[in-house]
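Now for the letters of each chain:
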Amino acid sequence: MNGLFAMESVLLLLLLISCARGFYLPGMAASNFCPSKTLELDESAKCQSQVYVHVNSLSSMETVVPYEYSSFDFCHLGDEDVRDIGDSNPVENLGQVVFGERLRASPYDIKFMENTTSKTLCEKKYDGKKESKMRLTFLKERIHESYMHQWVIDNMPVTWCYSVLETKQPVCSTRFPYGCFVTDNGMKHPACYLIDTGAEKGETYLFNHIHFIIAYHPGTSGGRDGRIVRAQVQLASCDSAPCTTRSKPFKLPHLESLTSDVSITYTYSVEFIEKSDIKWASRWDYILNSSTQGGVQWFSLLNSVVITLFLSGMVAMILLRSLHRDIAKYNQADSSDDVQEDFGWKLVHGDVFRPPCAPMLLSVFVGNGAQLIFMMLIALVFACLGFLSPPNRGALMTAVLVVYVFLGAICGYVSARLYKMMGGLRWKSNVLFSALLIPGYVCVCVCVRERCVHCPQHSVWGGVCARPAPVGGPLLCCHSLHHSAGPALPLVWHLPAPGLPWLLPWLPKATHRAACEDQSDPS
């Protein structure tokens, strides 16, 4: 009977395997591209010729708050002199919103396997009016704060590759600057080494030309289609179009010398390269392998593990010696008829089973800790299975939030069980505190900080953010008070409210400089 049952189980398993079908994870399905002529000849072809470039919000490692792409005076789809390519803004999931990703459609018109040399994207004009000065000031200040682009092509980040002086090896970054500057002392921003003609002291340069290098893996239709496996950009600063190697770099004008009209021409070029040795499934490898951190620090990791094991062994030996000594004394005391007082480890039994002074808070914290531990374990399992891979944007944070919500039952069970074991009677309060205490604290900190960031024109909010300093989180908004989240143009910076001079060291120097320029400008 047992052999027959095992055979039936194996046959059933084989039947289920034969009925199984493969599927693509969300956000990981391959996209086939083909030239526009192929679509004209065969309308039923399952491919697309337009290669869309999606732009993301600009961020910096020196500041706190990112800016949306629309806050900068770049070329947008809504401009009059920009051609509409039929692209729309991608739909964002919960994880992308929480992480601050704001993917937007761009006006770059790129056709598959169609190379272009120098194509004009748009032209921005500036005069001596206050609005033009504000736009130029915003561009220059964000360059000095090292804000960088983050673009996406075919659900893959656009990389900027450069060589490191120490190792002479190329390093590819998923972020690239849109300008560079040279200080009055002659110190160059790292990106200014791309300017071959030499950068002058005290000048700010704008990279107004982008050269796209798109590599594709050819398909099976005789080279008429393919899949994108790599997207890179090369930056250039050109004073006039078309942009060549002999062009002079474009310098952003100083505000005091802005008397006549100044125009900035944004151009781009595209180059397609066939890469048969790179498969679509491994197209992320060059990004993951090229890291400025030099990979995993194995020596530091092993050093930490060895030190931890050594110290743990020492503590265990000390505890064992003490336990053996006390156990020997307990055995001698049991063999004798004399009654002795408790000593050694027996003195601890009076403290181990004593309820704590705040059982409510302890049970709430333990319940939330259990919820977080189970959330991390489940998210790690899904990540190992490939559901939370990098191409699936925002999936990690979405999964973490959804799992955290559903694991509220574990938090309530652990908290209520521990609270009841300690003799607690206010079970209704325990339920409310378990559900609202930790999430409520985080939400209040985030909301207060966002309020400070999105309302910089009301400088009194600096004092409101600074007063609950012991909570730690809202204090961060005092540092990012000078940032604006305006739709297209930056708001005017303001100094802190009177009576709070101690906040000045927390604010960057750009805040005071911009405020002084705004007050001194009569226009």
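Conventions adopted
Residues numbered from 1 in each chain as written. Predicted model: local features only at pLDDT ≥ 70, side-chain atom pairs only at ≥ 80, totals over all residues. Heavy atoms only, no water. Disulfide = S-S within 2.5 Å. Helix = DSSP H or I, 4+ residues; strand = E, 2+ residues; numbered from the N terminus. Salt bridge = Lys/Arg side-chain N within 4 Å of Asp/Glu carboxyl O. Buried < 20%, exposed > 50% of the residue type's maximum accessible area, 1.4 Å probe, protein only. Expected span 1.5 Å × (residues − 1). Arc of directions from axis to C-beta. Core = buried A, V, L, I, M, F, W, Y, C linked by side-chain atoms within 4.5 Å. Contact = heavy atoms within 4.5 Å. Axes fitted to C-alpha atoms, helices over the stretch in contact; angles between N-to-C directions. Parallel < 35°, antiparallel > 145°, perpendicular 65-115°, else oblique. Left-handed = near helix turned anticlockwise from the far one by under 90°. Pairing = 2+ DSSP bridges.

Engineer: Now, about the state of the cysteines: what can you tell me, with residues and values included?
Structural biologist: Using the criterion set out here, one finds five disulfides in the structure. Sulfur-sulfur distance for the disulfide between Cys75 and Cys122 comes to 1.6 Å. Negative torsions about the S-S bond denote left-handed disulfides, and the value of about -75 degrees found for Cys75 with Cys122 makes this one left-handed. Residue Cys75 is located in the loop between β2 (53-55) and α3 (94-99), and its partner Cys122 is located in strand β5 (residues 116-126); the two are separated by 47 residues in the primary sequence.

Engineer: Go over the pattern of salt bridges, please, and point to the residues and values.
Structural biologist: Using the criterion set out here, one finds eight salt bridges in the structure. The partner of Asp109 in a salt bridge is Lys119, with the nearest N and O atoms 3.6 Å apart. Of this pair, Asp109 sits in the loop between β3 (104-105) and β4 (110-111) while Lys119 sits in strand β5, placing them 10 residues apart in sequence. Classification of Asp109 as buried rests on a relative accessible area of 9%. Given the relative accessible area of 30%, Lys119 is considered partly exposed. Its salt-bridge partner being Arg142, residue Glu145 comes within 3.0 Å of it at the nearest N-O pair. Salt bridges here are not isolated pairs; linked through shared partners, they connect Asp73, Lys124 and Arg135.

Engineer: Give me the lowdown on helix α10 (residues 408-421), citing residues and values where you can.
Structural biologist: End to end, α10 covers 20 Å across 14 residues, agreeing with the expected 20 Å (1.5 Å per residue, within 8%). Buried within α10 we find Cys411, Ser415, Leu418 and Tyr419. The buried residues of α10 occupy an angular sector of 100 degrees when the element is viewed end-on, so they sit on one face. In α10, the exposed residues that point more than 90 degrees away from the buried face are Ala409, Tyr413, Arg417, Lys420 and Met421.

Engineer: Just give me the short version of the nonpolar core, but keep the residues and values in it.
Structural biologist: Trp151 and Phe212 are the most contacted members of the largest nonpolar core, which has 54 residues in total. Here the element with the most residues in this core is strand β16 (residues 262-274); it accounts for six residues. When near neighbours in sequence (up to four residues on either side) are disregarded, Phe212 contacts Val53, Tyr108, Ile110, Trp151, Ile153, Gln232, Val233, Tyr268, Ser269, Val270 and Glu271.

Engineer: Pulling in residues and values, what's your account of the packing of helix α8 (residues 359-384) against helix α9 (residues 395-406)?
Structural biologist: Contact geometry of α8 with α9 gives a least axis separation of 9 Å together with a crossing angle of 135 degrees. When the interaxial angle is binned, α8 and α9 end up oblique. Considering only the axes of α8 and α9, their crossing is right-handed. Each of Asn368, Gln371, Leu372, Met375, Ile378 and Ala379 in α8 lies in contact with α9, whose residues at this interface are Val400, Val403 and Tyr404.

Engineer: An account of unusual backbone geometry is requested, with residue identities and associated values reported.
Structural biologist: Unusually for a residue other than glycine, Met113 sits at a positive phi of about 60 degrees. Structurally, Met113 is set in the loop between β4 and β5. In this structure, Asp154 is a non-glycine residue whose phi angle is positive, near 55 degrees. Mapped onto the elements, Asp154 comes out in the loop between β7 (151-153) and β8 (156-157).

Engineer: Go over the sheet that holds β3 with me, naming the residues and quoting the values.
Structural biologist: Read from one edge of the open sheet, four strands run β3-β2-β7-β8, paired in antiparallel fashion. Of all strands in the sheet, those bounded by a partner on one side alone are β3 and β8. Of the pairings in the sheet, the one linking β2 to β3 comprises two bridges and is antiparallel in character. Counted as the bridge partner of His54 is Ala105 from β3.

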